[in-house]
Amino acid sequence: IKANFENKKKKLITIFTSLCDYKSIVEVLNKSILLNFNVILKIHPAKTLKTLEYFKKNFNHNYLLGNRFNNNDLINISDFIIFGDSSVGYQASYLNKNVFRIYHYNFIPTFKINNEIPTAVNEKQVQNFLKKIKIKQNSKKICKDYFYKYDQNATKRLLKVLSNIK
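Note that this is a predicted model, so its numbers are computed, not measured.

**A closer look at the pairing of strand β5 (residues 99-102)**
And step 1. Residues Val99 and Arg101 line one face of β5 and the alternating positions Phe100 and Ile102 line the opposite face, and both faces are buried.
And step 2. As paired elements, strand β4 (residues 80-83) and β5 share three bridges and run parallel to each other. If you follow isoleucine 82 over to β5, its bridge partner there is phenylalanine 100.
And step 3. Read from β4 through helix α4 (residues 87-94) to β5, the crossover connection turns out right-handed.
And step 4. With two bridges connecting them, β5 and strand β6 (residues 119-120) associate as parallel partners. Bridged to isoleucine 102 within β6 is alanine 120.

This is the structure in structure tokens:
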């Protein structure tokens, strides 16, 4: 994958978009300095044309379209993974990869805003994440909160949560 870039020594950022997060990602990353990075854009298959059109028209950085690459391969070779709503971000966080979410206040989030996933809301926070050697992840909480447990007790847990809703 890295062979597709002119400068193979630059660190690699992969952006995983979802259905509605691409405008927020563009808004924040356009104000960020990404000159020392190669960027791969992996678009959600249900929004390929709309997202790609938006990136071509509005994104200020060079990127390689990564839809021909496997998500797991991209996660494994990327130095940083950026996402908004994509479930791939949770997968990467669970695997303790250098992952962070981007959310811009001009757009309505489709996720719970909390500290489960490191989040950047502006270019300064993006730059701070990109300077880190390791972005701390809370993989145990991610696993507990987002991944199905094959213990045949999921229905009981759901009913318990529903019974506590007032």
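**Section: the nonpolar core**
And step 1. Ranked by size, the top nonpolar core spans 24 residues in total, and within it Ile13, Ile15, Leu29, Phe100, Ile102, Val126 and Leu130 carry the most contacts.
And step 2. Breaking this core down by element, the ones donating at least two residues are β1 (11-16), α1 (22-29), β2 (37-42), α2 (48-58), β4, β5 and α5 (123-131).
And step 3. No other element matches α1, which puts five residues into this core.
And step 4. Aside from chain neighbours lying at most four places away, what touches leucine 130 is Ile13, Leu34, Phe37, Phe80 and Phe100.
And step 5. With 16 residues, the next largest nonpolar core counts Leu64, Leu74, Val99 and Ile142 among its residues.

**Focus: the side chain of arginine 101**
And step 1. Examined against the element boundaries, arginine 101 turns out to sit in strand β5.
And step 2. For the buried residue arginine 101, which engages in no salt bridge, the nearest side chain bearing the opposite charge is aspartate 85, 5.4 Å off.
And step 3. Here glycine 84 takes part through its backbone oxygen, which lies 2.8 Å from a polar atom of the side chain of arginine 101.
And step 4. Looking at arginine 101, its side chain comes within polar contact range of the side chain of tyrosine 90, at 2.8 Å.

Rules and cut-offs
Throughout this description, residue numbers start from 1 for each chain and increase along the sequence as written. Only residues with pLDDT of at least 70 are given local features in this predicted model, and only at 80 or more are side-chain atom pairs given and counted; all residues enter the totals for whole chains, interfaces and linings. Excluding hydrogens and water, the side-chain figures rest on all heavy atoms present in the structure. We call a residue buried when its accessible area falls under 20% of the maximum for its residue type, exposed when it is over 50%, and partly exposed in between, using a 1.4 Å probe and counting protein chains only. Counting from the N terminus, the helices are the DSSP runs of H or I reaching at least four residues and the strands are the DSSP runs of E reaching at least two. In short, DSSP must find at least two bridges between two strands for them to pair. Convention used here: a crossover is right-handed provided that the path from the first strand, over the helix, to the second strand proceeds clockwise when the strands point away from the viewer. The nonpolar core is taken to be a set of buried Ala, Val, Leu, Ile, Met, Phe, Trp, Tyr and Cys residues, with the residues joined through side-chain atoms within 4.5 Å. Throughout, a residue-residue contact means that at least one pair of heavy atoms, one from each residue, lies within 4.5 Å. Here Asp and Glu are counted as negative and Lys and Arg as positive; His is not counted, and neither are the chain ends. A pair is scored as a salt bridge if a Lys or Arg side-chain nitrogen falls within 4 Å of a carboxyl oxygen belonging to Asp or Glu. Under this definition, polar contacts are N or O atom pairs within 3.5 Å; protein pairs additionally need one hydrogen-donor-capable and one acceptor-capable atom, and for neighbouring residues in sequence, both atoms have to be side-chain atoms.

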